[in-house]
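Structure assessment
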Amino acid sequence: LLRLLPRVVLVLLVGLLVVLAGERAAVYAGPESWNGEVLAHVPDDVGALNDWGIERERIGDKEGAAEKWIRATQIDPSYSRAWSNLGRLALARGDAKRAETVFRMALKAGPRNPVAHVNLAAVLLRDERYDEAEPLYRDALRLSRGFLPAWRGLGRALQGQGRTKEAREAYAQALRLEPNDAVTRQLIRTLDAD
């Protein structure tokens, strides 16, 4: 019986730890509760505000998301992620002009953020401003060579300028990064059809 005692005690301790961990994990039932707890202790945490905004957007509360991102940009105007999310939201609402303005703010706040470059360039592509979009995609690629959306976008900007050989090279690079990318394959079909 004494030889079994250490095993019984160990099993009981592990069981107790599992129960206690489950109770503590319930405190943070999801990203929103976690971010709420962070903000309760550090009210100016722009990362938590940004993440909370993303969670609000995920559940369909776009106004709540915008509120969190606006607050983040008020606390730290140099936090480009919140600006980028506000730009995405404007674009989703169909307000391309507002999206362009906000994406320019994101780029100003985060000149080393490749996503900010790509977001602004994508809005310019929608308006067929290919020559303005191209350098933004190139800047994004200088910051992050393996950024698939930048390669795709660069190809589209080049294709829009009639530079099909260079566009094909950009699309080929995108496929090297992601060989099964359906979007890039469709872009190549469009290029071949021209």
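Here the structure is shown first, and the text comes after it.
The structure contained in this document is the topic of the report that follows. For every chain, the first residue of the written sequence is number 1, and numbering continues from 1 along that sequence. Whole-chain, interface and lining totals are the exception, using all residues; otherwise, since this is a predicted model, local features are given only for residues with pLDDT of at least 70 and side-chain atom pairs are given and counted only at 80 or more. Water and hydrogen atoms were dropped before computing side-chain values, which therefore reflect all heavy atoms in the structure.

Quick look at the overall build of the protein now. The helix count covers DSSP runs of H or I at least four residues long, the strand count covers runs of E at least two residues long, and both are numbered beginning at the N terminus. Helices and strands together make up the secondary structure of the protein, namely 11 helices and 0 strands. For the protein, the succession of helices and strands along the chain, N to C, is α-α-α-α-α-α-α-α-α-α-α. Type-normalised accessible area, obtained with a 1.4 Å probe on protein chains alone, sets the label of each residue: buried when under 20%, exposed when over 50%, and partly exposed for intermediate values. The 194 residues of the protein split such that 39% are buried. Taking all contacts inside the protein whose residues are at least 6 apart in sequence as the whole, residues at least 24 apart take part in 41%. Contact between two residues is taken to exist if any of their heavy atoms lie within 4.5 Å; hydrogens are not considered.

To continue, consider the pattern of salt bridges. Counted as salt bridges are all cases of a side-chain nitrogen of Lys or Arg within 4 Å of a carboxyl oxygen of Asp or Glu. Counted according to the given criterion, the structure contains 15 salt bridges. In this structure, the salt-bridge partner of Arg58 is Glu55, at a minimum N-O distance of 2.6 Å. Taken together, the residues Arg58 and Glu55, both in helix α3 (residues 46-58) and 3 residues apart, mark about one turn of the helix. Here the salt bridges do not stand alone but share partners, grouping Glu100, Arg104, Asp127, Arg129 and Glu132 into one network.

Any pair of Phe, Tyr and Trp rings, taking the six-membered ring for Trp, is counted once the centres come within 6.5 Å. Such a pair is stacked with planes under 30 degrees apart, edge-to-face with planes over 60 apart, and tilted for the rest. One pass over the full model with this rule turns up 0 aromatic pairs. If you follow Lys68 out to its NZ or CZ, it ends over the ring of Trp52, 4.1 Å from the centre. The criterion is that NZ of a Lys, or CZ of an Arg, lies within 6 Å of the ring centre and within 35 degrees of the ring normal, and then a charge sits over that ring.

Turning our eyes to something else, we now look at helix α9 (residues 148-160). Under the 1.5 Å per step criterion, the end-to-end length of α9 is 18 Å for 13 residues, consistent within 8% with the ideal 18 Å. Of all 13 residues in α9, 10 are buried; the element is thus mostly enclosed. Taken together, the buried positions of α9 are occupied by Leu148, Ala150, Trp151, Arg152, Gly153, Leu154, Gly155, Ala157, Leu158 and Gln159. Of the surrounding elements, those touching the buried residues of α9 are α7 (114-126), α8 (130-143), α10 (164-177) and α11 (182-193). Following α9 by one or two positions, Gly162 adopts a phi angle in the positive range, close to 80 degrees. Expected helix span is taken as 1.5 Å per residue step, with the number of steps being one fewer than the number of residues.

What follows covers the side chain of Asn85. Summarising the element assignment, Asn85 is placed in helix α5 (residues 80-92). Once residues within four sequence positions are removed from consideration, Asn85 is found in contact with Asn50, Ile54 and Trp69.

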